[in-house]
Amino acid sequence: MPELPEVETFKRFLDSTSLHQRITDVEVRDSYVLKRVSARRLTRRLKGRRFENSHRHGKHLFVRAGDELWLRLHFGMTGSPEYLRHGEVPPKAARVIFCFTDNCRLAFDDQRKFGEIELIESIDEFLQARGLGPDALNVSLSQFRAIVGKHNGAVKAILLNQKLIAGIGNLYADEILFRARMHPATEAARMSDKDLEGLFRAMRYVLDKAITLKTDFNRLPKSWLLTHRGKAGRCPRCGRALKSATIGGRTSWFCAHCQKRA
Ligand SMILES: [Zn+2]
C-alpha cells in the first residue's frame with residue numbers, strides 16, 4: 001500500500017514526466033476510481049489544460065491544472081502512475097488515462113481499485129474537510145511532541161492515525177518503531193521527551209531514506225525490519241525470531257528483545 005515515501009516517489013515521477021503538456025483527452029476505462037466527478041465532467045474540465053505543478057500531503061497527491069482546479073490522486077492499495085511513450089500499450093489495470101499532445105499518456109494504474117481520483121478547488125479545504133493532520137515530513141519536533149505525547153493509546157496506533165500525522169502506514173510505522181527501539185504497544189502518554197525525540201528522528205530518517213532509495217525494496221538496507229518482517233523473519237539486529245501482534249487494528253511486526261515498552 002503506497003505510503004508517504006511511495007507517494008513522494010510518484011510525485012517526483014509525475015513531475016518529471018507529465019507537467020506542462022496540453023491534455024488532449026481523458027480516457028476513463030473504469031469510473032469506479034472517480035469520486036464525486038463523472039467521467040464526462042473530468043474530461044471536460046481537464047481537456048485543453050496542462051498539469052502545472054503538484055503537491056503532496058500525507059498519502060494524497062494534488063496536481064494543479066489551473067486556477068482553483070486540482071486533480072487529487074490517492075493510490076489506495078495498489079495504485080501507481082505509469083507514463084506511456086509513443087504507442088506503448090497501457091497496463092491492463094489502467095483505470096484512467098490522461099492523453100497529451102505529443103502522443104504520450106499518463107495512466108492511473110490500480111489493480112484492486114481502492115484508489116481515488118477527484119477534482120477539487122482548494123487543497124486547504126480538502127485537508128480541513130478530511131481532518132488530516134500535518135504531513136509527517138513537515139511536522140516539527142515540538143509539534144510532534146505535542147501530538148504524540150498528548151494522546152492516549154499505543155504509539156503505533158497514533159503513528160497510523162492520519163488525523164494526527166498524515167502519511168505513515170503499517171509498514172513504515174513498524175520500521176520507525178524498530179529503528180527507535182520502541183515496542184509498538186508502548187503507551188504514548190508515558191513516553192519521555194527523550195523517547196519522543198528519538199521516535200521523531202527515526203521517523204524522519206526512515207521516510208527520507210526510503211524516498212532517497214525510491215522505495216525500491218531491493219535497495220532498502222538489510223538492517224531494516226522491512227526486508228525481514230513476516231513469518232520466519234528474524235531480527236536483523238539480534239537474530240531472534242520476530243513477533244507479530246494486532247495493534248491499532250493492523251498486524252505489527254517487531255522484535256520483543258530489541259523493542260522495549262517505555
Ligand atoms: Zn532484536
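Residues numbered from 1 in each chain as written. Predicted model: local features only at pLDDT ≥ 70, side-chain atom pairs only at ≥ 80, totals over all residues. Heavy atoms only, no water.

Draft legend 1. Spatial organisation of the sheet that holds strand β3 (residues 60-64). An order of β2-β3-β4-β8 is seen for the four strands of this open sheet, with the pairing classed as antiparallel. One side of each edge strand has no neighbouring strand; the edge strands of this open sheet are β2 (53-57) and β8 (116-120). Between one strand axis and the next, the sheet turns by 20 degrees as a mean value, whatever way the strands run. The sheet contact formed by β3 and strand β4 (residues 70-74) spans five bridges and is antiparallel. (Pairing = 2+ DSSP bridges. Helix = DSSP H or I, 4+ residues; strand = E, 2+ residues; numbered from the N terminus. Axes fitted to C-alpha atoms, helices over the stretch in contact; angles between N-to-C directions.)

Draft legend 2. Quick look at the sheet that holds strand β5 (residues 79-84). The four strands are arranged β1-β6-β7-β5 in an open sheet whose pairing can be described as antiparallel. The open sheet has two edge strands with one neighbour each: β1 (23-28) and β5. Pairwise comparison of adjacent strand axes, ignoring direction, gives a mean angle of 15 degrees for this sheet. Here helix α1 (residues 4-17) sits on the sheet in contact with β5 and β7 (105-110), set at roughly 20 degrees to β5. Along the sheet, helix α2 (residues 39-46) makes contact with β1 and β6 (94-100), crossing β1 at roughly 170 degrees. (Contact = heavy atoms within 4.5 Å.)

Draft legend 3. Geometry of α1. With 14 residues, α1 should reach 20 Å at 1.5 Å per residue; the first-to-last C-alpha distance of 20 Å fits that figure. The buried fraction of α1 is high, at ten of 14 residues. Listing the buried residues of α1 in full gives Leu 4, Pro 5, Glu 6, Val 7, Glu 8, Thr 9, Phe 10, Lys 11, Leu 14 and Thr 17. (Expected span 1.5 Å × (residues − 1). Buried < 20%, exposed > 50% of the residue type's maximum accessible area, 1.4 Å probe, protein only.)

Draft legend 4. The arrangement of the pairing of β4 in detail. Along β4, five of the five residues are buried, which leaves the element largely enclosed by surrounding structure. Alternating residues of β4 divide into Trp 70, Arg 72 and His 74 and Leu 71 and Leu 73, and every residue in both groups is buried. Counting the residues that bridge the hairpin from β3 to β4 gives five residues, and of these Gly 66 lies at a positive phi of roughly 145 degrees. As defined by bridge partners, β4 adjoins β8 across five bridges and the pair is classed as antiparallel. Along β8, the bridge assignment pairs Leu 71 with Leu 119.

Draft legend 5. Broad picture of the coordination of the zinc ion. Within the protein, the atoms that donate to the zinc ion are Cys 235 (SG), Cys 238 (SG), Cys 255 (SG) and Cys 258 (SG), at distances of 2.2 to 2.4 Å. Viewed at the metal, the four donor atoms of the zinc ion are separated by angles of 104 to 113 degrees, and the geometry they form is tetrahedral. Along the chain, the residues that donate to the zinc ion are spaced as C-x2-C-x16-C-x2-C. Classification of Cys 235 by relative accessible area gives buried; the value is 4%. Taking the relative accessible area as the measure of exposure, Cys 238 reaches 28% and is therefore partly exposed. (Donors = N, O, S within 2.8 Å, 3.2 Å for Na, K, Ca; no water. Tetrahedral: all angles 85-135°; square planar, octahedral: opposite > 155°, others 65-115°.)

Draft legend 6. Looking closely at the layout of surface pockets. In this structure, the largest pocket spans a volume of roughly 220 Å³. Lining the largest pocket are 14 residues, and of these Met 1, Lys 59, His 60, His 74 and Gln 162 sit closest to its centre. (1 Å grid on protein atoms, 1.4 Å probe; cavity = no way out; pocket = protein on both sides within 12 Å on 5 of 7 lines; lining within 4 Å. Points joined across faces, edges and corners; volume = space filled by probe spheres on them.)

Draft legend 7. A look at a nonpolar patch on the surface. The grouping of Met 1, Met 77 and Phe 114 at the surface amounts to a nonpolar patch, some 290 Å² of accessible area in total. Note on placement: Met 77 falls in the loop between β4 and β5. On the accessibility criterion, Met 77 (34% relative accessible area) is partly exposed. (Patch = residues over 30% accessible without salt bridge, like charges linked within 9 Å, V, L, I, M, F, W, Y side chains within 5 Å. Areas by Shrake-Rupley, 256 points an atom, 1.4 Å probe, with all protein chains shown as cover. Salt bridge = Lys/Arg side-chain N within 4 Å of Asp/Glu carboxyl O.)

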